[in-house]
Amino acid sequence: MVLRVDQIDVYYGTAHVLQNISFEVKQGETVALLGRNGMGKTTTLRSIMGLNPPTNGSIRFEGVEICKLAPNVIAKRGVSYIPDDLRIFPDLTCEENLEIAARASGRSGYWTKERIENLFPLLADRRKQKGSSFSGGEKKILSLGRSLMMNPTLILLDEPSEGLAPLIVRTLLETIKKIKGHGVTILLADQNLRFCNEVCDRGYILEKGTVVHGGSMTEIWDNDDVVRRYLVV
Amino acid sequence: MNQYWKYFLMLGCLGALVGIGFVSGPFVLYLATRIMILCIFALGYNLLLGRTGLLSFGHAAFFAIGAYGLAITSIHISAHPLLGILIGVTAAALLSLCIGFFCVRHTEIYFAMLTLAFGMMVFALIWNLRSITGGDDGLYGISRTAISLGIVNIPIRKDYQFYYFVLLFFVASVFLIHRIYSSPFGLALAGIRENHIRAEFAGLSVKAYRLGVFTVSGAFAGLAGSLSALLESNVAPFSAHWSHSAEPVLVSLIGGLQTFSGPLVGSIVFVALREVLQRFTYNWMFWFGVLLLAIIIGFRGGIVGSISDAFRKYSRP
Amino acid sequence: MGESLLDVRMLNKAFGSIVTARDLNFSLCRGVITSIIGPNGAGKSTLINVLTGLLAADSGEIWFQGREVTREPIHRRVKLGLGRSFQVVNVFGNLTLFENLAIPVLALNRRAKGMIRSIAHLKEVREDVEMVLTQVGLIDEAYMVARSLSHGDQRLLEVAIALAAKPRLLFLDEPTAGMNPVERSRILETIRELSQTGEVTFAIVEHDMDIVFSLSDRVIALHKGKIIGDGSPDQIKMNPQVREVYLGEEVA
Amino acid sequence: MDQHETTRRDFLKAGLVTAAATALGSGIVKPVGLWAATPNIKGPIKIGYLTVLSGTLAGYGEFHKMGALMGVEEINAAGGIAGNKVELEIRDSTLAAPACIQNARYFVDSWGADFLAGVDSSGQALALAPVVGELDRVLMVTHAATEKLTEDEVFKKGIKQVFRICTPTYQDGNAAAFVAKDLPVNTWATINPKYEYGYTTWNMFKDTLGKLKPGVKFTAESWAPFGTTDFRPHINTIMDAKPEGLYSVVWAGELITLVKQAKQAGLFDKIKHVMFPVGAAMDVLEGLGPEMPDNIWISGRYFFLYPDSDRNKEFVARFHKRWNHYPAYVSETAYSTMYAFKKAVEAAGSKETGKVVDALAGMELDSPAGHRVFRKEDHQAMYEVPWGLTKADPKYPFKIMGKQIVIPAKEFFNRPPFEGPGTHPPFKDSK
Amino acid sequence: MLQSLVHVCLAGISAGMFIWLVASGLTLVFGVLRVLNFAHGSFYMLGAYLCFAVLKAMGGNFWLGLLLGPLVVSMVGYVMERYLLRLVYHLELPYQLLLTFAMVLIFDDLVKMIWGAGSIGSPAVPGLSGSVSIAGREFPVYNLFIIAVGPLVALGLYGLLEKTWWGRIVRASASDREMALSIGVNVPLLYSGVFMFGAWLSAVGGALAVPYVGLLTTGMGEAIIISAFIVVVIGGLGSLKGAFLGSLIVGLLSSFGTRFMPMLDMFLTFGLMAAVLLWRPQGFFAEG
């Protein structure tokens, strides 16, 4: 078991944003958190990363309790978070963005700068350019590359398909599959059921801060009732 | 808190203030007068900081203009205190209108820095225009002549007389500022503090309101300045220095930014604390700093804020 | 189509190389619920920002009710009747609901200006505020602090603030995002009711196609700052260009 | 270590000594002198002292404190004032008027002070004058030098409670002109503080020197704001003007800075005649040490090697033993203030303000700084402070005054009524 | 006239470099921690006093003082950041200002308690005490040294931030604290480090100022911090490039102002600050 989230509660001020959420992710799996906007998908990812620590409950990563750890410690343990707004460091060049992730996390492994630049030739072309000059789609690639540089065990991927042209979504899908092929575990949050269906093995559906349904992707895809109630608008 | 309790408390405070005038020795009267003047300054200031969310480091300039306005009037035109105060307050309001016009385009740290710059320009002017302002010696020997109202002359020369004179302005200011808090204008200010873009989309001209409140709080600073010139019988350029602008900030923070009565409590603590500390140690600054730290870390909402929070928790278990 | 409320002529807006409006021309008409659709990044939010004054247009003209407002500040457009709600919750968090709505009501009410008179004594203001609160169904929470409301209720409040400014034309930016079905139907109902009285004309940015097609009389589809489709919901459904960029073969 | 406590402990010590003296004395020695006949002075005599104890000039406050404390200790050890113990409380009055006024009010209204003393800045002194008039307590100014205090507040407005024991700006402006007239200098320039003290002294200097030596020119002025740490631009201004003489009343730490920076810029090589009217302050001399150039004209409000009297030598010796410092001018004025109060109270036979004012006005006081007379008209103490050229002395780790000139006070002190002919030096009758 | 202009310029540049040493740390700390530190001037003062203390204890070696004094100050900075400042990062601006303001009061009185209230004179630096003749007028060697040190510090900072691993992390954390955390940067530790470094820079400025100003006073921090604030604001908050240019401008402005418009000095500087804020609130080097 790579990740086990057990009955966590998260508050923003007084608002009870996540209520008693539990789920788990196994080694090598790609798991989707589904649900409409504002249902708590992003918050779930952030609380795993330690950015919004839960007030109670437990989060175990590779069997170790990480609930009370600081984000940087969690990152060093091998969790990598790609937020929906990507957050490329604008003052740093493409190359620096990649290197900093490797060195800050202190992790090494299969993914090296060369391998990543092979996977995404774009990053090799724009090696010396500042992060602020990248377009939305390019930032997405760079943020994936940056994440891989950490050689993470688990990638938390927020809204990967949002705001991308269909062609780029296609590329993204292929990329995620490739990454998956290297045995990286991925937990992604998205609204797009079709997209998730393409890459994910299992899915959990969030509704107003609770997990209302969980199952294999094919099961969810076929479960018309669930789809209609929680996903389709 | 229940409404009646509020009125009861207010009446009690007023009674106590009137009582102080009867029973206290001159030093307590002097300190109390000083506290009330600081209250007027801080209450007006907190309209800007606590209510509108703008941190100004230039209010000492308006305080000083109020004081110099009164002093110059009393030396060159007429020693009638009310005329002096009128001119002082008007001058302060006009100056804050002019300075505010430039400053309200910015917020946050930029606003603070801009007001600091303008305030210090006023300070530099006061320092250098020696023929009018007396340079660093300031203007001194301002007398508290009786207020002539046609037939009667009301003397304000003695400590207790002046105490009641200031008390009058103090009560009027508290009342006025309290009304501003609950007025449409005051609500608009709170809206601007909470979310200025939304306020604009609610149909408020945010800049105009900011300028409005800047002017109003500048006018109260001017009033405080005029009264302080009468109390101390002099006015010096350092009253326009930025470090003097820090005083209402400290007072508001000590008492509590988001509360109406915060500056009142803050003023008392600020003046009394320093006075008491000075009796025990020459290193009063050190202990004052330590106590400030304790207040920031221990009472995050200021004294009033923390107490009313505690009160709420206690009364609603 | 009825009388034209808003006219946009040759509007341009770009951020660096990213064009969000290119020579846009269109009109919005009284009583016609218009939806503006388009994929993410199509320039919908930017368009609303330009029309309501949050962003300045690079070039072009905006006319509202026969008056040019291209250079008018936001609050003046609001007073003319050009309102909006926000995509993210954007309310006065530490104020009560009553106060939240009193702000726009007071901003419009000349007699309610002033620094001395207490709001509590302004009867007409209270009536207006309570009317809007009733309309959106938040009257029971009138004296709660906005921050303590649920997300959905805050969204409702968001729309209510916009309504309280008595707009003639109201832009709603994803009004139903994050709402539960009950809240959603309530807000849709409110929109329909208000639209029928003819007081307010709605222009809506929405991702939910069901809502778009069930609610709107007219749909404008944007893509990269250009109008690629404009017409009734049925016409848009049929429009091949729209299908391609938006509804089309999304993934796979 | 809490300095306040030290003070308290010192009092306690002094008190014990006094108590022991009285206990013994009452049996053995009969009370003699004036106070034996005046039992109407009750209780301790309280003196509130106002000085700066924080910020850049806090050092001055420390020197005030040393002088005042030593004076009080001596007086108490010798039986107090008319048999009453003297109590001294010192408060940090910064350099701002409001703090000073608050402390004065505290001393009088809350603590019950009989006398006030101290005050560093001119602005404070001017602001405080009407307040002490109202509080009706004698204020002895020991440092603030503005001539307006005695000319306007005391003489013209009649605030009789104010006295000054230190020399006023006359010493820095007029007296400097008397020294300057004999120097082979025809063009003068100044780097002066950018506040009233600087303006006033320069104007006095120009005015008096212009009369004493017609034809002398004043070629450049550079005004340094309070707290200047970089005098380089000012030095440039002066050196551009190429004057023969430089006059500067820049004082305290700023003067140290000015001298050091001027030296580096070669100013003292180009300009041979330099006058620092407050250069003889101990903090400046000690602070500069051997770096103070030779042959600079300096003066002050008192210099510990003048006068060459036993009174002064004993004072300096005791002071050095007690504090391990040579007395600064504020130490002497603070110290002598205590004796002035003692003499006045004992002469008046009362500590009532009105009577003490009468006793003080016109009173002569033998003090370490020499013979002082408090002028009746404006309550300004008349006494002489020498001017001298700096030189090294193996006995001291700093420069002292070599060749000295003493200009009689009556020749350069402005005279009442301060307006009209014959009120500003030079005076025809004095020659 | 030429001689005059040259020296007015030199005086302005050396004055600017003193401000720069303080402003660089101030702007660096603001850029990363987003805290405007009033107590930064106190580090300047502490740097001067501690350098002096070491100098006295170690037999007059200024360079040793310059080395050790600022190190102690950076430890003080660490304590302040770790145990006080960290508590107010999430609070509003006035609270942060208030906290640092309280620290100014405390530091000032502490220095007074330890070293006494008076001004302390300090000796010149051996080897740098003389003057050289430039355009026919003496100019202190020490000021030339400062004029050289300023740009060196600027270059060093540039290299540190642009070329080193640490600098990259600092820049990354400055622009996005949360993301930096998420890739494993120990941001709290980094904040401490940056704060210590800023304190160290300011302390070095203080220690270097001592031989030139020639004395130590308890209020010396306040005087410089206002100049530094002005510089940091007109250069654009958080911009090192801007602060360097701003320091030069303010130094030259005050030098030329003193020489040619003596009655306007303070008015000019604050007028410039207001003008820049109105015209370009983001400072000289802001993009867009």
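Throughout this description, residue numbers start from 1 for each chain and increase along the sequence as written. Working convention: letters from A go to chains and numbers from 1 go to ligands, in the order in which they are written. In view of the model being predicted, local features appear only for residues whose pLDDT reaches at least 70, and side-chain atom pairs are presented and counted only at 80 or more, with totals across whole chains, interfaces and linings using the full set of residues. For side-chain calculations, the full set of non-hydrogen atoms in the structure is used, while hydrogens and water are omitted.

Novice: Could you clarify how one ought to interpret the overall build of chain D in this entry?
Specialist: Going along the chain from the N terminus, every DSSP run of H or I of four or more residues is numbered as a helix, and every run of E of two or more is numbered as a strand. Tallying secondary structure elements over chain D gives 15 helices and 15 strands in all. With C-alpha atoms as the basis for the radius of gyration, the globule rule is written as 2.2 Å multiplied by the number of residues raised to the power 0.38. Against the compact-globule benchmark of 22 Å for 431 residues, chain D has a radius of gyration of 22 Å, which places it among compact chains. In terms of principal-axis extent, the alpha carbons of chain D reach across some 70 × 50 × 40 Å. When each of the 431 residues of chain D is scored for burial, the buried share is 66%. Contact criterion: two residues are considered in contact whenever any of their non-hydrogen atoms come within 4.5 Å of each other. Contacts in chain D between residues far apart in sequence, at least 24 positions, make up 69% of those at least 6 positions apart. In short, Shrake-Rupley with a 1.4 Å probe defines the accessible areas, and a residue's cover is counted only from the protein chains shown. Accessible surface computed for chain D: about 14,300 Å², of which carbon and sulfur atoms make up 57%. Relative accessibility thresholds used throughout: buried, under 20% of the residue-type maximum; exposed, over 50%; partly exposed, between the two (1.4 Å probe, protein chains only).

Novice: Just to check I follow, could you spell out the interface of chain E and chain B for this structure?
Specialist: How big an interface is tends to be stated in terms of accessible area lost as the parts join. The partner chain B presents 39 residues to the 40 residues of chain E that form the contact. Buried area, as used here, totals the accessible surface that two parts lose on assembly, with accessibility defined by a 1.4 Å probe and the loss added over both. Of the roughly 3,800 Å² buried between chain E and chain B on both sides combined, carbon and sulfur atoms contribute 83%. Residues adjacent in sequence count toward polar contacts only when both atoms are side-chain atoms; beyond that, a polar contact is any pair of N or O atoms within 3.5 Å, and within protein one must be able to donate a hydrogen and the other to accept it. Between chain E and chain B we count three residue pairs in polar contact (both at pLDDT 80 or more) in total. Looking at the side of chain E that touches chain B, the elements that each hand over two or more residues are helix 4 (93–115), helix 9 (220–235) and helix 11 (265–279) of chain E. Ranked by residues supplied to the side of chain E that touches chain B, first place goes to helix 4 of chain E with 16 residues. Looking at the side of chain E that touches chain B residue by residue, the class counts come to 33 nonpolar, three polar and four charged. Gly falls in the polar group here, along with every residue not listed as nonpolar (Ala, Val, Leu, Ile, Met, Phe, Trp, Tyr, Cys, Pro) or charged (Asp, Glu, Lys, Arg).

Novice: What is the right way to look at the confidence of the model for chain D in this model?
Specialist: Atom-level detail of predicted coordinates should not be read off regions where pLDDT is low. Residues and elements named next belong to chain D. Confidence of the prediction at every residue is given by pLDDT, a number between 0 and 100. On average, residues of chain D score 88 in pLDDT, and 90% of them are at 70 or above. Counting contacts from residues 1–9, a segment whose pLDDT is below 50, to residues more than four positions away or on other chains yields 16 contacts. The model gives residues 11–37 a pLDDT under 50, and that stretch makes 17 contacts with residues more than four places away or in other chains. Across the interfaces of the predicted complex, the ipTM metric reaches 0.87, alongside a pTM of 0.89.

Novice: What's the story with the pattern of salt bridges in this structure? I'm lost.
Specialist: Oppositely charged side chains can form a pair if their charged atoms are brought close together. Here, a salt bridge means any side-chain nitrogen of Lys or Arg that lies within 4 Å of a carboxyl oxygen of Asp or Glu. Taken as a whole and judged by the stated rule, the model has 62 salt bridges over all chains. The residue Arg168(E) makes a salt bridge to Glu96(A) at a minimum N-O spacing of 3.3 Å. Note that Arg168(E) is positioned in helix 6 (residues 165–175) and Glu96(A) in helix 3 (residues 94–105), a pairing that runs across two chains. Judged by its relative accessible area of 10%, Glu96(A) is buried. Glu275(B) is paired through a salt bridge with Arg91(D); the nearest N and O atoms lie 2.8 Å apart. Within this pair, whereas Glu275(B) is found in helix 12 (residues 262–280), its partner Arg91(D) is found in strand 2 (residues 86–92), the two belonging to separate chains. Of the residues examined, Arg91(D) reaches a relative accessible area of 1% and is grouped as buried. Each of Glu95(A), Glu96(A), Glu99(A), Lys113(A), Lys128(A), Glu162(E), Arg168(E) and Arg171(E) takes part in salt bridges that share partners, so that together they form one network.

Novice: I tried to follow the confidence of the model for chain C on my own but got confused; where do I start?
Specialist: Residues and elements named next belong to chain C. Residue-level pLDDT values for chain C average 81, and 89% of them are 70 or greater. Averaged pLDDT values over the elements of chain C bottom out at 62 in helix 9 (residues 240–247) and peak at 89 in strand 8 (residues 201–205). Residue range residues 247–252 is modelled with pLDDT below 50. Its contacts to residues more than four positions away, or to other chains, number 13 contacts.

Novice: Would you mind going over the sheet that holds strand 3 (residues 115–118) of chain D with me for this structure?
Specialist: All names here are of chain D. When DSSP finds two or more bridges between a pair of strands, those strands are recorded as paired. If you walk across this open sheet you meet the five strands as 2-1-3-4-5, and the pairing is parallel. Across the chains shown, the open sheet's two edge strands, defined by having one partner strand only, are strand 2 and strand 5 (162–164). When strand polarity is set aside, the average angle formed by the axes of neighbouring strands in this sheet is 20 degrees. Here strand 4 (residues 138–141) runs beside strand 5; their pairing, made up of three bridges, is parallel. Bridge pairing links Val141 to Arg164 in strand 5. Here an angle of 0 to 180 degrees is reported between the N-to-C directions of two axes, which are lines fitted to C-alpha atoms, with helices fitted over the stretch in contact.

Novice: Honestly, the interface of chain A and chain E in this entry has me stumped. Any pointers?
Specialist: Listed as interface residues are 26 residues of chain A and, on the opposing side, 17 residues of chain E. Interface area for chain A against chain E, summed over the two sides, is near 1,900 Å², with a carbon-plus-sulfur share of 61%. Per-residue buried area on chain A facing chain E is highest for Asn72(A), Arg87(A) and Phe89(A); these three make up 28% of the total on that side. Linking chain A with chain E are six salt bridges, by the criterion used here.

Novice: Help me understand the side chain of Ser367(D) in this model?
Specialist: Residues and elements named next belong to chain D. Mapped onto the fold, Ser367 is located in strand 11 (residues 364–367). Reaching out from Ser367, the side chain makes a polar contact with the side chain of Arg372 at a distance of 2.8 Å. The residues contacting Ser367, other than those within four sequence positions of it, are Arg311, Glu332, Ser336 and Arg372.

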